[in-house]
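# Observations on chain architecture
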Amino acid sequence: MRRSESLRALVRETVLEPGDLIYPLFICPGEGVRREIGSMPGVFNLSVDEAVREAEEAAKLGLGGLLLFGLPATKDEQGTGAWEENGIVQQGLRALKASAAAKKLVLIGDVCLCEYTSHGHCGVIVEGRDGWDVDNDPTLELLARTAVSQAKAGADVVAPSDMMDGRVATIRRALDTAGCANTPILSYASKFASAFYGPFREAADSAPQFGDRKTYQMDGANLREAMREIDLDLGEGADMILMKPAMPYLDVIRAARERVDVPMGAYQVSGEYSMLQAAFAKGWLDRDRAILESLMGIRRAGADFAVTYFAKNAAMLLA
Ligand code: PBG
């Protein structure tokens, strides 16, 4: 049954379509800015006008949506740039919603503080045992403000990626109170502390200035804990879940698929992208086949959709 492409297509168990792919964008201040990220060839910091152009291309390719990150002009201790009415992601959302083509995409706001805080952590910092600590509960209020301001600026979905306890319930309550009851929450329910986020921290300029994220992101050894995190987020009102990273955690994605029925995405993170790009640059892997195989693996593991920096490339290959 493998002798021809038509026979293989007939018995293929898993499909991959452009609509299953979410494309991350990094929006930065300025105009006409298109700055390539050193460790992520083909990925750019884009000013709002360039982001709209990129989104219109993404829409033409039939992608499922965009995941928006922001690089604010200035950072502070509280990550003010995350929730200000005229924050960079909020500006981007308004501009995308003003474009007939771009607004057809599902616009997802990444809700976190690390791109906006001067210390680069995902929450409020207080003095603690190691000289510092992330203070969970005061952070929730700031995340909720961020989610509400993104929803008001046009986000179709908000996606908290901070890994604070209780954020989904707090965000849900804040959205409902602010008149955004129809905005769904895609929670990064299962997010592991990972070396594979390295290049992202260059892209989003969000490397922690001290310490690491191991006290709030999960230990890579723990699958059962990931299931518990998913149960907690769904109990708090998450509508969809996101699993992250993808390739080193395909077993966790599979376990989640067998446990819950909500829509689930998986994030092929920056390091997964960069290592493939490095191998392509060296001529060590067949680019087109490796891109599609890596994404098919994510779909086969059970994810309904994939967040990937290869979204445009993959959509062109699938066309
Ligand atoms: C923000 C956030 C990160 C990523 C997505 N949202 C960085 C981190 O947690 O360090 C990583 C995405 C990627 O590596 O592509 N908290």
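Heads up: the structure comes first, above all this text.
Residues numbered from 1 in each chain as written. Predicted model: local features only at pLDDT ≥ 70, side-chain atom pairs only at ≥ 80, totals over all residues. Heavy atoms only, no water.

## As for the environment of Ser270
Note on placement: Ser270 falls in helix α9 (residues 270–281). Remark: the alpha-carbon pair of Ser270 and Pro245, spanning 25 residues in sequence, is separated by 9.0 Å. (Helix = DSSP H or I, 4+ residues; strand = E, 2+ residues; numbered from the N terminus.)

## Thoughts on the packing of helix α2 (residues 48–60) against helix α3 (residues 88–97)
Each pair of packed helices gets described by two things: the angle between the helix axes and the distance between those axes. Remark: α2 packs on α3, axes separated minimally by 9 Å, with the N-to-C direction vectors making an angle of 45 degrees. On the basis of the axis angle, α2 is oblique to α3. Remark: the crossing between α2 and α3 carries right-handed chirality. Where α2 approaches α3, its residues Val48, Ala51, Val52 and Ala55 are matched on the opposing element by Ile88, Gln91, Gly92, Ala95 and Leu96. (Axes fitted to C-alpha atoms, helices over the stretch in contact; angles between N-to-C directions. Parallel < 35°, antiparallel > 145°, perpendicular 65-115°, else oblique. Left-handed = near helix turned anticlockwise from the far one by under 90°. Contact = heavy atoms within 4.5 Å.)

## Digging into the pairing of strand β1 (residues 21–28)
Looking down a regular strand, the side chains alternate between one sheet face and the other. Of all eight residues in β1, eight are buried, a share of seventy percent or more. Residues Leu21, Tyr23, Leu25 and Ile27 point to one face of β1 and Ile22, Pro24, Phe26 and Cys28 to the other, with burial holding for every one of them. Judged from the two bridges that link them, β1 and strand β12 (residues 305–308) form a sheet pairing that is parallel. Residue Ile22 lies in a different strand from β12, and its bridge partner there is Val307. In the sheet, β1 pairs with strand β4 (residues 65–70) via six bridges, with the strands oriented parallel. (Buried < 20%, exposed > 50% of the residue type's maximum accessible area, 1.4 Å probe, protein only. Pairing = 2+ DSSP bridges.)

## Description of the nonpolar core
Among the nonpolar cores identified, the biggest contains 108 residues, and Phe26, Leu66, Leu67, Met243 and Tyr267 are the most heavily contacted of them. Sequence-distant contacts of Phe26, defined by excluding residues within four places in its chain, comprise Ile37, Val43, Phe44, Asn45, Leu46, Phe69, Leu71, Phe200, Ala203, Ala204 and Tyr309. (Core = buried A, V, L, I, M, F, W, Y, C linked by side-chain atoms within 4.5 Å.)

## Some thoughts on the site of the ligand
By nearness alone, 18 residues border the ligand, and Lys191, Arg201, Lys244, Ser270 and Tyr309 come closest of all. In the model, an oxygen atom of the ligand is placed 3.0 Å from a nitrogen or oxygen of the Arg213 side chain. In isolation the ligand offers 400 Å² of accessible surface; the protein chains occlude 100% of this area. Of the residues that constitute the shell around the ligand, the class distribution is 10 nonpolar, three polar and five charged. (Near = heavy atom within 4 Å. Polar contact = N/O pair within 3.5 Å; in protein donor to acceptor, adjacent residues only side chain to side chain. Areas by Shrake-Rupley, 256 points an atom, 1.4 Å probe, with all protein chains shown as cover. Nonpolar A, V, L, I, M, F, W, Y, C, P; charged D, E, K, R; others polar.)

## Some points on the packing of aromatic side chains
Applying the stated criterion across every chain, the model contains 11 aromatic pairs. The interplanar angle of 65 degrees and the centroid separation of 5.7 Å between the aromatic rings of Tyr273 and Tyr309 together place this pair among those described as edge-to-face. Here Tyr273 is found in helix α9, whereas its partner Tyr309 is found in the loop between β12 and α11 (311–318), with 36 residues between them in sequence. Residue Tyr273 is classed as buried on the basis of its relative accessible area of 2%. With a centroid separation of 4.5 Å and an interplanar angle of 45 degrees, the aromatic rings of Tyr273 and Phe310 are classed as tilted. Placement of Tyr273 in helix α9 and of Phe310 in the loop between β12 and α11 is noted, with a sequence separation of 37 residues between them. Note on Phe310: relative accessible area 0%, which makes it buried. Stacked on the ring of Tyr188, the Lys or Arg Lys191 has its end atom at 5.5 Å from the ring centre. Lying across the ring of Tyr197, Lys244 places its NZ or CZ 4.6 Å from the centre. (Phe/Tyr/Trp six-rings, centres within 6.5 Å; stacked < 30°, edge-to-face > 60°. Lys NZ or Arg CZ within 6 Å of the ring centre and 35° of its normal.)

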